[in-house]
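Notes for the structure review
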Amino acid sequence: GDAAYIGSNFNTISQSTITSNVTSGGWRALYLGGSNCTISQSYMGIQGGVAAYVNSANNTTIINSTLASNLPGSSALNLTSAAGTTIMNSSIRGSTAVFISGGSDTVIGGSVLVATNTAGAALAMSGASANLRVSSSVLSAFMGTPGAAALYLGLNNSGLLVFSSNTMTGGQYGAYIATQTGGTQVWFTSNTILVPSTGTIATYGLYLNGLISGATI
């Protein structure tokens, strides 16, 4: 089962280690369903699941912490219908490092996100999520592998999507941005995107696919 399950509000996890040795999917090192919680200077790791699953929780802060998942096809940090999540100065590694679905107002700063699966993303957002700011962070995917992306924005997100002073490396795409809802604003400012050329697949630093409102770069 879950190593730690928190369903109440206003909790703080500090200088702690939470791990699980389960090898099959569906479980978490940490399940967080309560709002206004803080994770600081802590480690969450799991062999066969999600390191931290934040479900319908508001105003979660993760700072100076490390999250790791070893399960192919899973994410280290899963934010589902979570609002106001802030991730600062943290290291997150997983098949997909951070996956946001139906979330809003997520802020990531000064962090390292690494996709450990050949077709994974360092940061992926979909499910009609809204408002994302990523700054001064490193997003890394597998070099030149089909479908992999440092940043992957799926269909129908909305709001203000801002990326500033980041380094995005590896993958078939440095940044892949699909069609977003009308009125969505996408801003890229002072980012470094490095994707290797390969003789086997086409690679792209920045790939805008059907972006209705365009982007400011």
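Note that the structure is predicted; figures quoted are calculated from it, not measured.

The next point concerns the overall build of the protein chain. Counting its secondary structure elements, the protein chain contains zero helices and 26 strands. A globule of 217 residues ought to have a C-alpha radius of gyration of about 17 Å, and the protein chain, at 16 Å, matches this closely. C-alpha extents for the protein chain along the principal axes are approximately 45 × 35 × 25 Å. Going through the 217 residues of the protein chain one by one, you find that 49% of them count as buried. A sequence separation of at least 24 residues applies to 65% of the contacts in the protein chain between residues at least 6 apart. Only carbon and sulfur atoms are counted for the fraction: they give 49% of the accessible area of the protein chain, which is about 8500 Å².

Before going further, it helps to spend a moment on the packing of aromatic side chains. Across all of its chains, the model carries nine aromatic pairs by this definition. Ring pairs connect the aromatic residues Tyr152, Tyr173, Tyr176, Tyr204 and Tyr207, which therefore count as one cluster.

Turning our eyes to something else, we now look at the sheet that holds strand S11 (residues 86-88). One open sheet accounts for nine strands, arranged S2-S5-S8-S11-S14-S17-S20-S23-S26; its pairing is parallel. Unpaired on one side and paired on the other, strand S2 (12-14) and strand S26 (215-216) mark the two borders of the sheet. Bridge count between S2 and strand S5 (residues 38-40): three bridges; the pairing is parallel. Considered in S5, the bridge of threonine 12 is made with threonine 38.

Reading guide: rules and limits
Residues numbered from 1 in each chain as written. Predicted model: local features only at pLDDT ≥ 70, side-chain atom pairs only at ≥ 80, totals over all residues. Heavy atoms only, no water. Helix = DSSP H or I, 4+ residues; strand = E, 2+ residues; numbered from the N terminus. Rg over C-alpha atoms; globule rule 2.2 N^0.38 Å. Buried < 20%, exposed > 50% of the residue type's maximum accessible area, 1.4 Å probe, protein only. Contact = heavy atoms within 4.5 Å. Areas by Shrake-Rupley, 256 points an atom, 1.4 Å probe, with all protein chains shown as cover. Phe/Tyr/Trp six-rings, centres within 6.5 Å; stacked < 30°, edge-to-face > 60°. Pairing = 2+ DSSP bridges.

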